[in-house]
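# Structural features, examined
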Amino acid sequence: MKVLITRAEPAATQTAHKLRKLGHEAILLPLFEVVDLESPIPKDEYNGLIFTSRNSAEILQTREWKPDNADIPAFCVGEKTQKS
């Protein structure tokens, strides 16, 4: 099967490698790039955090950011996001 991969790098190459190992033809076409825009994070007490992608979780980790009240729940879409 020929598969078009539009994920950002390095995830696009990782996905292509997995698909090729399964016998598929992987075509890379990364259409976006994950970039930290370095927007200031508002200081506040939050009731929870929602992550729909591990990219944002990884950026917050790189910034060493933690909410003021660290005992709040984090809701994550997907296992890999939850592990971040």
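Conventions adopted
Residues numbered from 1 in each chain as written. Predicted model: local features only at pLDDT ≥ 70, side-chain atom pairs only at ≥ 80, totals over all residues. Heavy atoms only, no water. Patch = residues over 30% accessible without salt bridge, like charges linked within 9 Å, V, L, I, M, F, W, Y side chains within 5 Å. Areas by Shrake-Rupley, 256 points an atom, 1.4 Å probe, with all protein chains shown as cover. Salt bridge = Lys/Arg side-chain N within 4 Å of Asp/Glu carboxyl O. Helix = DSSP H or I, 4+ residues; strand = E, 2+ residues; numbered from the N terminus. Buried < 20%, exposed > 50% of the residue type's maximum accessible area, 1.4 Å probe, protein only. Arc of directions from axis to C-beta. Contact = heavy atoms within 4.5 Å. Lys, Arg positive; Asp, Glu negative; His and termini not counted. Charge placed at Lys NZ, Arg CZ, Asp CG, Glu CD.

Time to look at a nonpolar patch on the surface. Together, Leu4, Ile27, Leu29, Leu31, Phe32 and Val34 make up an exposed nonpolar region whose accessible area comes to about 540 Å². Considering the arrangement of structural elements, one finds Phe32 in the loop between strand 2 (25-28) and strand 3 (49-51).

For the rest of this paragraph, the subject is helix 1 (residues 11-21). Along helix 1, the residues that are buried comprise Ala11, Ala12, Ala16 and Leu19. The arc that holds every buried residue of helix 1, seen down its axis, measures 135 degrees, which confines them to one face. Summarising the contacts, the buried residues of helix 1 are in contact with strand 1 (2-5) and strand 2. The first or second residue beyond helix 1 is Gly23, which carries a positive phi of 95 degrees.

Among the surface-exposed residues, Asp44, Glu45, Asp68 and Asp71 lie close enough to one another that they form a single negatively charged patch. Among the structural elements, Asp68 can be located in the loop between helix 2 (54-62) and strand 4 (74-76).

What follows deals with the environment of Trp65. Among the secondary structure elements, Trp65 is positioned in the loop between helix 2 and strand 4. The sequence separation of Trp65 and Leu22 amounts to 43 residues, and the corresponding C-alpha distance is 38 Å. Look past the residues within four positions of Trp65 in its chain and what remains in contact with it is Ile41, Tyr46, Leu49 and Leu60.

Now for the pattern of salt bridges. Under the criterion given, the structure shown has two salt bridges. The closest approach of N and O atoms between Glu58 and Arg54, which form a salt bridge, is 3.9 Å. Of this pair, Glu58 and Arg54 both sit in helix 2, four residues apart, which is roughly one turn of the helix. A residue is classified by how much of its surface remains accessible, and Glu58, at 36% relative accessible area, is partly exposed. Owing to a relative accessible area of 29%, Arg54 belongs among the partly exposed residues under this scheme.

On to the environment of Ile72, then. Within the secondary structure, Ile72 is located in the loop between helix 2 and strand 4. Overall, the relative accessible area of 15% leaves Ile72 in the buried class. Along the chain, Ile72 and Glu9 lie 63 residues apart, while their C-alpha atoms are 31 Å from each other. With near-sequence residues (within four places) excluded, Ile72 lies in contact with Tyr46, Asn47, Gly48, Leu49 and Pro67.

The quantities given are spatial measurements derived from coordinates; they are silent on function.
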